[in-house]
Amino acid sequence: MDKTISPKVYLIGAGPGDPDLLTLKAAKLIAKANVILCDRLVSPQILREHAAPNTEIIYVGKECSKKASTPQSLINILMVNHAKEGKTVVRLKGGDVSVFSNILDELKVLKKHQISYEIVPGITAALGAAACAGMPLTARGYATSVRFLTYYTSEIVSDSHWDELAQTSDTLVFYMSKGNLANLVEKLKERNISSDKKIAVVEQATTPFQKVYTSSFDEFHRKLKNRNFLSPSLVIIGKTANLHEEYSWMQNDGQEGTYFKSVENGSLITNSQNFIEYAV
Ligand code: SAH
């Protein structure tokens, strides 16, 4: 590596979907980037609007439900090699970088290679969904705290944790959990979760295709159990989920579609030939 070059990687949160929910700092850094390693849940419009025309954009998406993911080891190699060539590298992730992401793996690798970095926060999906569904997560009288959880596999929450989750007055926001929703609802019903709490599923939050489905625990079986929610979806549980009915403001005019494209067979998609050298 040329000693005069000090490599740097910017790990940036791109927000939950709506391309205008990007920070100014993120927009400025994206415009400066030579290489962008981009996740699946990033609005394509962000790249069209802010990346310079000659920026190399490499799609390194993960879609675990489809078993089609760019291996983390490959993402790490791409990040390190491009930075060592003296390029300004942006690692762009959906939502916020530190919420349910692999950022720690990436930080470890950057430290190991003595590559400096900056972390730029983004609006996480829970906050985007709460705003666009009219569901303030800690509304006074409804909840005093909010928790971000996941239940993508059944081992992740223990029985004693379910007992406590059924009792708490906190708003519970579950990421990556639509596939286990029926099971999640069952766990809470078995523990007599209070009937004044509701379940809300916010599909494609903040995008033109956003849809919000709500149900009581008693109605869940009839209303939502057999619905195949589109990706990405977030599950919000608590008294605050009742507020959507009165305070929702976002119109979606019944538009149907998927905002984020699927990851293709786990392969990288790039706008240049260079990535081939790095393929492992
Ligand atoms: N770092 C991201 C979360 C990554 S985990 C963040 O801070 O938002 C991916 C999960 O986030 C998805 O499975 C889904 O549960 C949630 N998610 C991300 N974007 C979303 C959106 N626009 N609408 C609903 N859920 C979303």
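What you see is a predicted model, and the numbers here were worked out from it, not measured in a lab.

Quick notes on the rules
Residues numbered from 1 in each chain as written. Predicted model: local features only at pLDDT ≥ 70, side-chain atom pairs only at ≥ 80, totals over all residues. Heavy atoms only, no water. Pairing = 2+ DSSP bridges. Helix = DSSP H or I, 4+ residues; strand = E, 2+ residues; numbered from the N terminus. Axes fitted to C-alpha atoms, helices over the stretch in contact; angles between N-to-C directions. Contact = heavy atoms within 4.5 Å. Domains from an automatic or database assignment. Buried area = accessible area lost by both parts, 1.4 Å probe. Polar contact = N/O pair within 3.5 Å; in protein donor to acceptor, adjacent residues only side chain to side chain. Nonpolar A, V, L, I, M, F, W, Y, C, P; charged D, E, K, R; others polar. Buried < 20%, exposed > 50% of the residue type's maximum accessible area, 1.4 Å probe, protein only. Arc of directions from axis to C-beta. Near = heavy atom within 4 Å. Phe/Tyr/Trp six-rings, centres within 6.5 Å; stacked < 30°, edge-to-face > 60°. Salt bridge = Lys/Arg side-chain N within 4 Å of Asp/Glu carboxyl O.

### Observations concerning the sheet that holds strand β12 (residues 233-238)
(1) Moving on: Pairing is mixed across the open sheet formed by 5 strands, whose spatial order is β8-β9-β12-β10-β11. The two strands at the open ends of the sheet, each matched to only one other strand, are β8 (146-150) and β11 (211-216). Within this sheet the neighbouring strands show an average axis-to-axis angle of 20 degrees, counted without direction.
(2) Moving on: In this sheet, β11 lies alongside strand β10 (residues 198-203) in antiparallel orientation, the contact comprising 6 bridges. Paired with V202 across the strands is V212, a residue of β11.
(3) Moving on: Relative to the sheet, helix α5 (residues 125-132) contacts β8, β9 (171-175), β10 and β12, its axis offset from that of β12 by approximately 70 degrees.
(4) Moving on: Lying on the sheet, helix α6 (residues 159-167) is in contact with β8 and β9; it crosses β8 at an angle near 145 degrees.

### Considerations on the domain arrangement of the protein chain
(1) Moving on: The domains assigned to the protein chain are domain 1 (8-123 + 260-278) and domain 2 (126-247).
(2) Moving on: Taken over C-alpha atoms, the centre of domain 1 sits 29 Å from the centre of domain 2.
(3) Moving on: In this assembly, 10 residues from domain 1 lie in contact with 13 residues from domain 2.
(4) Moving on: Overall, the association of domain 1 and domain 2 removes approximately 810 Å² of surface from exposure, summing both partners, and the carbon and sulfur fraction of that is 74%.
(5) Moving on: The largest contributions to the domain 1 side of the interface with domain 2 come from V99, F100 and F260, which together make up 53% of the buried area.
(6) Moving on: For the pair domain 1 and domain 2, the interface holds 2 residue pairs in polar contact (both at pLDDT 80 or more).
(7) Moving on: Residues belonging to the side of domain 1 that touches domain 2 are distributed by class as follows: 7 nonpolar, 1 polar and 2 charged.

### Side note on helix α7 (residues 181-190)
Owing to its 3.6 residues per turn, the α-helix aligns residues three or four sequence positions apart on the same side.
(1) Moving on: Of all the positions in α7, only L181, L184, V185 and L188 are classed as buried. With its buried residues spanning 95 degrees around the axis, α7 presents them on a single face.
(2) Moving on: Packed against the buried residues of α7 are α6, β9, β10, α8 (220-223) and β12.
(3) Moving on: Positive backbone phi, at 55 degrees, marks N192, one or two positions downstream of α7.

### Considerations on the site of the ligand
(1) Moving on: The environment of the ligand is made up of 17 residues, and the closest members are P16, D96, V99, T124 and S233.
(2) Moving on: Within the backbone of A125, an N or O atom sits 2.9 Å from an oxygen atom of the ligand.
(3) Moving on: Between the ligand and M176, the relevant distance is 2.9 Å, taken from an oxygen atom to a main-chain nitrogen or oxygen of the residue.
(4) Moving on: Of the residues that constitute the shell around the ligand, the class distribution is 11 nonpolar, 5 polar and 1 charged.
(5) Moving on: Counting the residues that make up the shell around the ligand, at least three belong to each of domain 1 (8-123 + 260-278) and domain 2 (126-247).

### Concerning helix α4 (residues 103-112)
(1) Moving on: Of the residues making up α4, those classed as buried are I103, E106, L107, V109 and L110. Seen along its axis, α4 keeps its buried residues to an arc of 165 degrees; they face one direction. Among the exposed residues of α4, those pointing more than 90 degrees away from its buried face are L104, K108, K111 and K112.
(2) Moving on: Against the buried residues of α4 lie β1 (8-13), α3 (72-84), β6 (88-93) and β7 (116-120).
(3) Moving on: Once α4 ends, the next one or two residues include Q114, with phi positive near 50 degrees.

### Things to note about the packing of aromatic side chains
(1) Moving on: Tallied over the full model, the rule gives 6 aromatic pairs.
(2) Moving on: Ring centres of F148 and Y175 lie 5.8 Å apart, and the angle between their planes is 65 degrees; on these two criteria the pair is classed as edge-to-face. Taken together, the residues span a long stretch of sequence, with F148 in strand β8 and Y175 in strand β9 at a distance of 27 residues.
(3) Moving on: Here F148 falls in the partly exposed class, since its relative accessible area comes to 34%.
(4) Moving on: You can call Y175 buried: its relative accessible area is 8%.
(5) Moving on: Aromatic ring contacts, followed pair by pair, group F100, F148 and Y175 into a single cluster.

### Observations concerning the pattern of salt bridges
(1) Moving on: For the coordinates displayed, the defined rule picks out 15 salt bridges.
(2) Moving on: A salt bridge links K25 to E118, with the shortest nitrogen-to-oxygen separation between them at 4.0 Å. Placement of K25 in helix α1 (residues 24-32) and of E118 in strand β7 is noted, with a sequence separation of 93 residues between them.
(3) Moving on: For E118, a relative accessible area of 26% translates into the label partly exposed.
(4) Moving on: Between D163 and R191 there is a salt bridge, with the nearest N and O atoms lying 2.6 Å from each other. One end of the pair, D163, is in helix α6; the other, R191, is in the loop between α7 and β10, and 28 residues separate them in sequence.
(5) Moving on: Given a relative accessible area of 16%, R191 falls into the buried group.

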